[in-house]
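# Structural description and commentary
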Amino acid sequence: MEAHPAETLLSFLAAVPDPRSRHGRRHPLSAILALVCCAIMCGAKGYAAVAQWAQDQDIELMHRLGFTRKPPKMGGIRKVLIALNLKAFEDALTRWTESLLGRPVSTELQPPEAFALDGKTARGSFDGLQKAVHLLSLLAHKSGLTLAQTQVPNGGENKTNEHKTALQLLQGIVLEGRLITGDAMFCQRDLSQQIIDADGHYLWFVKENQPTLFNDIKTAFGASVEVDFPPKQRQIWEQAQDTATTIDKGHGRRERRTLKATTALNEYLDWPGVAQVGQVESVVEHDGKISHETRYFITSVPREISGAGRLLVWARGHWSIENRSHYVRDVTLGEDASRIRKGSAPEIMAALRNAAIGFLRTTGATNIAETLRRNASQV
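Below you will find a few notes about this structure. Remember, it's a predicted structure, so these values are computed and weren't measured experimentally.

## Quick word on empty space enclosed by the protein
Summed over all chains, the structure comprises 2 cavities of 30 Å³ or more. Taken as a whole, the largest cavity encloses approximately 140 Å³ of empty space. Along the wall of the largest cavity there are 14 residues; nearest its centre are Leu93, Thr97, Thr146, Ala351 and Asn354. At the level of elements, helix 6 (86-101), strand 3 (146-152) and helix 14 (345-362) are the ones that each hand at least two residues to the lining of the largest cavity. A volume near 60 Å³ is recorded for the second largest cavity. Along the walls of the second largest cavity sit Ala122, Gly124, Ser125, Glu335, Ser338, Ile340, Pro346, Met349, Ala350 and Arg353, which together make up its complete lining. It is helix 14 that contributes the most residues to the lining of the second largest cavity, 4 residues altogether. Broken down by class, the residue content of the lining of the second largest cavity amounts to 5 nonpolar, 3 polar and 2 charged.

Below, the structure is given as structure tokens:
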């Protein structure tokens, strides 16, 4: 069989250990995995749909994927995914994504590349008393590529498990020149220290799970500069603060976001690598109603690298993992409705969905649902 060209998805899949015995092995593992990924990119959501898609394709396409005979049927595909080594497979996809992203640029004044850390449950993967699989993912803000994914123990029942899993997930990732963004459950000292030790940066939202830190930041931004500060301290506070505002309009909705960041608390706060803290205020007008939301954050990115404007982009960009990954997997690719639940298969299928989304985004696709329909009509 021909060797796969370097740096292609097939070449990385070929490095995954085959769980099958050599006796009676009819199809290359990389070909089966590539088949599932291609079927997903044409709208297949389960074993039967993947097998049907394979049977409907021209044999020339199957040869290009690495098959030397007719592709496997549903049972064969299912057995392979259930038995596959999950860690080796996820590591292979991480290496593939790293090859697409390129080595991060790391200079003293170069803004880091942002990645969102967040968990998601594959709700249809429960099996009797066994909880549904809960997965922790790391998604690039800009490209929408999933850099890494791993399972959270105990179905993510205890939210502290996501924090502990994040410590393990980030150990295998190059963090130099990268910024990790996360919600309040990741605002932990050990995780912050681990990222700093690896020459990376963090931006965490802060809530009551860190009561001292939360109250310190909230009190600082809740104070009236004109009333509560004497003239000298007022001047110091104003010099340490930076502000940025954005206004978005559309579909009868108007949202104004204002981010205020300060370096004035750096020496006061006892937190690893703190360089700035701040608040983000959102005011939304929709259907004649006005809603307000205030959030607080802490980051290790210094002011000389990132002012309030870029911090606001990162703060808003963190939630892109919900729209660009979780929503696409649930609604477009049917992950929550999928009843695949045995062995490693739920995690393998989730990782293949990530790979399919990433592959489509590298081709310039912005609307994944539209692209799936076009692929299904053309292949």
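## Section: the side chain of His318
With respect to the helices, strands and loops of the structure, His318 is situated in the loop between helix 12 (308-317) and helix 13 (320-332). You can call His318 buried: its relative accessible area is 0%. A distance of 2.8 Å separates the side chain of His318 from the side chain of Thr181, its partner in a polar contact. Once residues lying within four places of it in the same chain are set aside, the contact partners of His318 are Ala116, Leu117, His141, Thr181, Gly182, Asp183 and Phe205.

## Here's the deal with unusual backbone geometry
We note that Asp199 has phi near 65°; this positive angle belongs to a residue other than glycine. Turning to its location among the elements, Asp199 is positioned in the loop between helix 8 (189-197) and strand 5 (201-206).

## A look at helix 6
A rise of 1.5 Å per residue sets the reference length of helix 6, with its 16 residues, at 22 Å; its end C-alpha atoms lie 23 Å apart and thus fit the reference within 8%. Of all the residues in helix 6, the buried ones are Leu86, Ala88, Phe89, Glu90, Ala92, Leu93, Thr94, Trp96, Thr97, Glu98 and Leu101. Two to three positions downstream of the cap, the backbone nitrogen of Lys87 sits 3.2 Å from a side-chain oxygen, assigning the N-cap of helix 6 to Asn85. Of the residues trailing helix 6, Gly102 is marked for its positive phi of about 80°.

## Some details on the nonpolar core
Counting 50 residues, the largest nonpolar core has Leu35, Ile77, Leu81, Phe89 and Leu352 as the members making the most contacts within it. At the level of secondary structure, the elements contributing two or more residues to this core comprise helix 1 (9-13), helix 2 (29-40), helix 3 (47-56), helix 4 (59-65), helix 5 (74-83), helix 6, helix 14 and helix 15 (368-378). With 10 residues, the single largest contributor to this core is helix 2. Among residues more than four places away in sequence, those in contact with Leu35 are Val50, Trp53, Ala54, Met62, Leu65, Phe67, Pro71, Pro72 and Ile77.

About the cut-offs
- Residues numbered from 1 in each chain as written.
- Predicted model: local features only at pLDDT ≥ 70, side-chain atom pairs only at ≥ 80, totals over all residues.
- Heavy atoms only, no water.
- 1 Å grid on protein atoms, 1.4 Å probe; cavity = no way out; pocket = protein on both sides within 12 Å on 5 of 7 lines; lining within 4 Å.
- Points joined across faces, edges and corners; volume = space filled by probe spheres on them.
- Helix = DSSP H or I, 4+ residues; strand = E, 2+ residues; numbered from the N terminus.
- Nonpolar A, V, L, I, M, F, W, Y, C, P; charged D, E, K, R; others polar.
- Buried < 20%, exposed > 50% of the residue type's maximum accessible area, 1.4 Å probe, protein only.
- Polar contact = N/O pair within 3.5 Å; in protein donor to acceptor, adjacent residues only side chain to side chain.
- Contact = heavy atoms within 4.5 Å.
- Expected span 1.5 Å × (residues − 1).
- Core = buried A, V, L, I, M, F, W, Y, C linked by side-chain atoms within 4.5 Å.

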